[in-house]
Amino acid sequence: MPFPFLLFFSSIFLSFPSLSLSQQTPPKGYLINCGATRRSVIDGRVWLPDGNFISAGTSKSLTVPGLVPTLSTVRSFPLENKNLRRKFCYVVRVYRGARYLIRTTYYYGGVNGLDFDSPPVFDQIVDGTFWSVVNTTEDYGKGLSSYYEGVFEAKGNTMSVCVASNTYTVSDPFISSLEMLILGDSIYNTTKFDSHALHLVARHSFGHNGSIIRYPDDQFDRYWQPYEENVSVTASKKIPAVSGFWNIPPSKVFETALSTAQLESMELRWPPFSLPNSTYYIALYFADNSDSMSSNSRVIDMHINDVRYYSNLVLSSEGAAVFATRWPLGGLTKITLSPAANSNGSPLINAGEIFDVLRLGGRTHTRDVIALEELKNSLRNPPLDWNGDPCLPRDYTWTGVKCSEGERTRVISLNLTGMGLLGSLSPSIANLTALNGIWLSNNSLSGVIPDLSSLKLLEILHLQDNQLTGEIPSSLGEMKSLRELFLQNNNLTGRIPDSLIGRPGLEVRTSGNQFLSPPPS
């Protein structure tokens, strides 16, 4: 049983004066308008069409009047078999090691026709990690769009964000927009992003009753929702310098606070909905900006579900942030702020964030990923779902790809029989060194058979009923594990290597070719 301090980590960070952030530059990254066919400029920022980031799906325009441009088109992904799990991925070039805010937005607009008046429910995935279920039904019923936000670290030179049909998906999945924005190195940097990611549960500006606070008020374009509670709202008379705050919240969240009129405890039901049992990252933000209070006279104690979160937090005009990186929660959550014994002021709070801490699902071995990408590029019509991680999550492997279990994920077989494939076999297939079986029969593959001698574990090679040319590589006869070699009905020429003729334990089929010597009997 682990020690209690392994479950969570609480700390405090006080802000300090710094330069003004009034002159903001937009965060770097990508704004992708899904389904759009041309660039657009919205609020001075460029949104890109999505054609260069994804090869599957269909662009559709919504007929709902009055939509903002990023909601007026969607990319829709035809659901060929509702019992088949398939993912469709946007692949974006990124900076390895950078931390990205990823936001997906969905507005259904009845795009799947009159037979499906409610939005489909489906999954979303980042690289090899299951991110969340997408269920926009409640928001859509209110005429609203839905967005999901997470923080992920780029593990390679590309990241994939995928929409994935599941066994409960009854009509075509879709997506309205995708944003991938680089966060500063100091943002949420107590999280171990080598093994975890963050999925936003709630982010609120307490006491704020206006529109969502975002860029340019938030330099990273995070969304801070308004939040009112049945307690007093106080207006601030002085705004702290936020660049010294942990996670750098926008200064606008410090314009209002929730407080009590008396020197008494304050309870918040936040977030305002029930949470599944999980481990959460919680950050709360405070600043005492009243004129009448003397220095260091407002001191508060904090409890979450009656468990001590932090004690004797001294609030000043410079402000403070308190965070926990691994806090277990489930069900409704109660935050209690109480005046400490030595406090002369009532408790207050300005803003809060809470994230579900996601364990990363891992990545397929880099060598295998590169090899499959090169194989994909050598095919003129690869399977539509050959994007993103080939093996992960486990329920969403690429069509025809089987992978090993365990921490070091390798591709162990390819079975693309009868898929009408056009193109050639890239020599990179020989870099899939964990393969034990290749089934590519009954397609229209052309070109020569590459050297496969590096596939020491290969037992089965079925290439029959294609349009392959050239000679049979003599190296096939040196592959000790090979027991089935089916090459019939191609356009192969030359002589059958002696090392393949009559070898015990190896079944060779070569009829229907143009060899100079007869096939083995």
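Note that the structure is predicted; figures quoted are calculated from it, not measured.

Visitor: What am I meant to see in the domain arrangement of the protein here?
Guide: Where interface size is given, it is often the accessible area lost as the parts come together that is meant. Each assigned domain of the protein is listed with its residue range as follows: domain 1 (29-185), domain 2 (200-359) and domain 3 (367-520). Each of domain 1 and domain 3 has a C-alpha centre, and the two are 35 Å apart. Contacts between the two partners involve 18 residues from domain 1, matched on the other side by 11 residues from domain 3. Taking both sides of the interface into account, the surface hidden between domain 1 and domain 3 amounts to around 1,200 Å²; carbon and sulfur atoms contribute 53%. It is R85, R86 and K87 that lose the most area in domain 1 upon contact with domain 3, and together they represent 46% of the buried surface on that side. Inspection of the region where domain 1 meets domain 3 yields 2 salt bridges. D385 is the salt-bridge partner of R86, the closest N and O atoms lying 3.8 Å from each other. The tally of links between domain 1 and domain 3 comes to 8 residue pairs in polar contact (both at pLDDT 80 or more). Contributions of two or more residues to the side of domain 1 that touches domain 3 are made by β7 (86-93), β9 (122-126), β10 (129-134) and β12 (158-165). By residue number, the principal contributor to the side of domain 1 that touches domain 3 is β7, which donates 5 residues.

Visitor: Please explain the pairing of strand β26 (residues 351-359) as it appears in this structure.
Guide: When a strand is regular, its side chains alternate between the sheet's two faces. Taking burial as the measure, the 9 residues of β26 include 8 buried ones, the bulk of the element. Inspection of the sheet shows strand β15 (residues 196-206) paired to β26 by 9 bridges, in the antiparallel sense. Following the sheet pairing, L198 is matched in β26 by V357.

Visitor: What is the right way to look at the sheet that holds strand β19 (residues 266-269) in this model?
Guide: Note: strands within a sheet are paired through backbone hydrogen bonds, in either parallel or antiparallel orientation. The strand order β19-β24-β21-β22 describes an open sheet built from 4 strands, whose pairing is antiparallel. Only two strands of the sheet have a single neighbouring strand rather than two, namely β19 and β22 (307-315). Here the strands of the sheet are splayed against their neighbours by 20° on average, with no regard to which way each runs.

Visitor: Please clarify how the sheet that holds strand β13 (residues 174-175) should be interpreted in this entry.
Guide: Taken in spatial order, the 3 strands of this open sheet run β5-β6-β13, and their pairing is antiparallel. Each end of this open sheet is capped by a strand with a single partner; those strands are β5 (58-61) and β13. One ladder, built from 2 bridges, connects strand β6 (residues 73-76) with β13; its direction is antiparallel. Considered in β13, the bridge of R75 is made with I175.

Visitor: When you look at the nonpolar core in this model, what are you seeing that I'm missing?
Guide: Nonpolar side chains in soluble globular proteins generally cluster together in the buried interior. Counting residues in each nonpolar core, the largest one holds 41 residues, and the members touching the most others are L435, L461 and L485. Breaking this core down by element, the ones donating at least two residues are α2 (366-378), β27 (401-403) and β28 (411-415). The element that contributes the greatest number of residues to this core is α2, accounting for 3 residues. Those residues within four positions of L461 in sequence are excluded, and the remaining contacts are I438, L452, L476, L482, E484, L485 and F486. Core analysis: the second largest hydrophobic core is formed by 36 residues, I54, I175, M180 and A197 among them.

About the thresholds
Residues numbered from 1 in each chain as written. Predicted model: local features only at pLDDT ≥ 70, side-chain atom pairs only at ≥ 80, totals over all residues. Heavy atoms only, no water. Domains from an automatic or database assignment. Contact = heavy atoms within 4.5 Å. Buried area = accessible area lost by both parts, 1.4 Å probe. Salt bridge = Lys/Arg side-chain N within 4 Å of Asp/Glu carboxyl O. Polar contact = N/O pair within 3.5 Å; in protein donor to acceptor, adjacent residues only side chain to side chain. Helix = DSSP H or I, 4+ residues; strand = E, 2+ residues; numbered from the N terminus. Buried < 20%, exposed > 50% of the residue type's maximum accessible area, 1.4 Å probe, protein only. Pairing = 2+ DSSP bridges. Axes fitted to C-alpha atoms, helices over the stretch in contact; angles between N-to-C directions. Core = buried A, V, L, I, M, F, W, Y, C linked by side-chain atoms within 4.5 Å.

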